[in-house]
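Now for the letters of each chain:
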Amino acid sequence: MPVLNLRSDLADPDDLQSLMLGIGRRARAAARQMALASAQTKDIALRTIAERIRHNAAAILRENARDVSAAQAAGQTKALIDRLTLSEARLDGIAAAVEKVGALPDPVGRQLAAFERPNGLLIERIAVPLGVVGVIFESRPNVTADAGALCLKAGNAAILRAGSDSHRTATAIAAAMSEGLAASGLPADAIQLVPTRDRAAVGAMLAGLDGGIDVIVPRGGRSLVERVQAEARVPVFAHLDGICHVYVAAGADLDMARTVLLNSKMRRTGICGAAETLLVDRAVADTHLTPLVTLLLDAGCAVRGDAAVQAVDPRVTPADEADWRTEYLDAIISAKVVDGLDAAIDHIETYGSHHTDAILTEDAELATRFLNEVDSAIVVHNASTQFADGGEFGFGAEIGIATGRMHARGPVGVEQLTTFKYRVHGTGQTRPV
């Protein structure tokens, strides 16, 4: 393997290309073995990986502390530092998520459809692994374990490229995962972390590593996702901004609205499922607007609003056009009064990112229309937007929230990390001339 300049963490271009192509070749070889691994073998490996993460907790947390210290010294935002920081409890949660993935039904080999043709041919559609999945992510160190575990369960190999902020932590987690794979008799190369912060490594992955990558999953901010979508020569599961809305509609229960809104915005402000815009229907503005806005302000959330929202409290600052399009990932929310369901849907379709949007109402007809007409990957009725999470969906974990429309949409779990092939069974049939 080429030796990188560890002082600068930048490789000579030729060395970097050789390094990345080698990672791709090893991943492809590992993917062939993973596709044939039994469900039992994969599940044992995932349990072993969880054990290794817990066993290596001190080393992982030590490396994480170095990442957090560097991020603080660089003046990174509180939201980014929160996403980056691991505690013993969070690390145990990462290990538990790996175990949950191992306990899921095996997605490989499922019969998706079966039918018989008039000529007697029996045709099956069978789930098979995607192959090699490249995951490019930024500050969340848990993505290392989540992505690796999900790819493993689905019989794939994974090439993971962590952001500079989480590189040390991701390296330590990936080392524990490789140990677990090797101890279970599976190829350690089934989960590889790109060992350099050099941004040119991202370009090499987007180029496909000479056939070494089958699909790319970007997990990060808009600039990363837009670069991936613009440059990738392989298919992409796009995870764009989480500009999530909470619409308090006519017929909303005020107590429920208080609880759900506060959780949607403030439970964790730095995750993609956090609410970024509050829409209040004019039909309930007289009774609901003031208590909801005051609730947010008193909880430490800055509110940027239209004229009606500004009239509620002098602490509200004016919202401009950019606010409706902003994923704050912080204790900030934009707020607006809308004239009915159609206006709410128009706002969401104009400014949203097709991630997660919620309606709060006891009116079943309004709820049904919202769920049917809002074109987002996840639409929610009377519940927090922060349920936009693969673990909460019962997927064990997620590799991201896909906001596109092709193949995978919403939380990308093990089933979404498979494709299919057709098995055709005959008794000597030939096609007529």
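Quick notes on the rules
By convention here, each chain's residues receive numbers from 1 onward along its written sequence. Thresholds applied to this predicted model are a pLDDT of at least 70 for local features of residues and 80 or more for the giving and counting of side-chain atom pairs; totals over whole chains, interfaces and linings are not thresholded and use all residues. Neither water nor hydrogens contribute to the side-chain values; these are computed over all heavy atoms in the structure. UniProt positions are given in the numbering used here, feature names are shortened, and annotations may be inferred rather than shown by experiment. Numbering of helices and strands starts at the N terminus; helices are DSSP runs of H or I of at least 4 residues and strands are runs of E of at least 2. Each residue gets one of three labels from its accessible area relative to the maximum for its type: buried under 20%, exposed over 50%, partly exposed in between, using a 1.4 Å probe on protein chains only. Two N or O atoms form a polar contact when they lie within 3.5 Å of each other; inside protein one atom must be a possible hydrogen donor and the other a possible acceptor, and for residues adjacent in sequence the pair counts only when both atoms belong to side chains. A contact between two residues is defined here by any heavy atoms of the two lying within 4.5 Å. Every patch collects residues that have over 30% relative accessible area and no salt bridge, joining them within 9 Å if they carry like charges and within 5 Å if they are nonpolar side chains (Val, Leu, Ile, Met, Phe, Trp, Tyr). Reported accessibility uses the Shrake-Rupley method at a 1.4 Å probe radius. Residues are deemed covered only where the shown protein chains occlude them. A pairing counts as a salt bridge when a side-chain nitrogen of Lys or Arg comes within 4 Å of a carboxyl oxygen of Asp or Glu. A fitted line through C-alpha atoms represents every axis, and for helices the fit uses only the stretch in contact; the resulting angles, taken between N-to-C directions, go from 0 to 180 degrees. Working rule for angles: under 35 degrees goes down as roughly parallel, over 145 as roughly antiparallel, 65 to 115 as roughly perpendicular, anything else as oblique. Residues are grouped as follows: Ala, Val, Leu, Ile, Met, Phe, Trp, Tyr, Cys and Pro are nonpolar; Asp, Glu, Lys and Arg are charged; every other residue, Gly included, is polar. When DSSP locates at least two bridges between a pair of strands, those strands are taken to pair.

Looking at an unreviewed UniProt entry, the chain carries the name Gamma-glutamyl phosphate reductase, with the source organism given as Methylobacterium organophilum. According to UniProt, the comment filed for the chain under the heading Sequence similarities (unreviewed entry) is "Belongs to the gamma-glutamyl phosphate reductase family."

Our focus in this paragraph is the side chain of serine 353. Mapped onto the secondary structure, serine 353 falls in the loop between helix H13 (341-351) and strand S12 (356-360). Since its relative accessible area comes to 7%, serine 353 is described here as buried. At 2.4 Å, the side chain of serine 353 forms a polar contact with the backbone oxygen of aspartate 241. Apart from the residues lying within four places of it in its own chain, the contact partners of serine 353 are Asp241, Gly242, Ile243 and Thr403.

Looking at the element boundaries, leucine 152 is found in helix H6 (residues 142-153). For leucine 152, the residues in contact, after removing those within four places along its chain, are Met34, Lys42, Ala45, Leu46, Ile49, Leu181 and Ile191.

This paragraph deals with the side chain of glutamate 327. Among the secondary structure elements, glutamate 327 is positioned in the loop between strand S10 (317-318) and strand S11 (332-338). Polar side-chain contacts of glutamate 327 include one of 2.9 Å to the backbone nitrogen of glycine 242. Apart from the residues lying within four places of it in its own chain, the contact partners of glutamate 327 are Asp241, Gly242, Ile243, Cys272 and Glu276.

Let us now look at a nonpolar patch on the surface. A surface patch of nonpolar side chains, amounting to about 470 Å² of accessible area, comprises Leu112, Phe115, Phe420, Tyr422 and Val424. Those elements that provide at least two residues to the nonpolar patch are strand S1 (111-116) and strand S16 (418-425). The element contributing the most residues to the nonpolar patch is S16, with three residues. Positionally, phenylalanine 420 belongs in strand S16. Classification of phenylalanine 420 by relative accessible area gives partly exposed; the value is 41%.

Before going further, it helps to examine the packing of helix H5 (residues 88-103) against H6. Where H5 meets H6, the closest approach of the two axes is 9 Å, and the angle between their N-to-C directions is 10°. Comparing the axis directions of H5 and H6 gives the class roughly parallel. Residues Ile94, Ala97, Val98, Val101 and Gly102 of H5 form the contact with H6, whose own contacting residues are Asn142, Ala145, Asp146, Ala149, Leu150 and Lys153. A per-class count over the contact of H5 with H6 returns seven nonpolar, two polar and two charged.

Overall, antiparallel pairing links the three strands, which are arranged S1-S2-S16 in an open sheet. Sheet topology places S1 and S16 at the edges, where each strand pairs with a single neighbour. The sheet shows a mean angle of 20° between the axes of neighbouring strands, taken without regard to direction. The sheet contact formed by S1 and strand S2 (residues 122-129) spans five bridges and is antiparallel. Bridging from a neighbouring strand, glutamate 116 pairs with leucine 122 of S2.

Looking now at unusual backbone geometry. Backbone geometry at leucine 209 places phi at a positive 50°, although glycine is not the residue there. Within the secondary structure, leucine 209 is located in the loop between helix H8 (200-206) and strand S6 (215-219). Among the residues examined, leucine 209 registers a relative accessible area of 5% and is labelled buried. A positive phi angle, near 65°, is found at histidine 354, a position not held by glycine. Within the secondary structure, histidine 354 is located in the loop between H13 and S12. A relative accessible area of 22% places histidine 354 in the partly exposed class.

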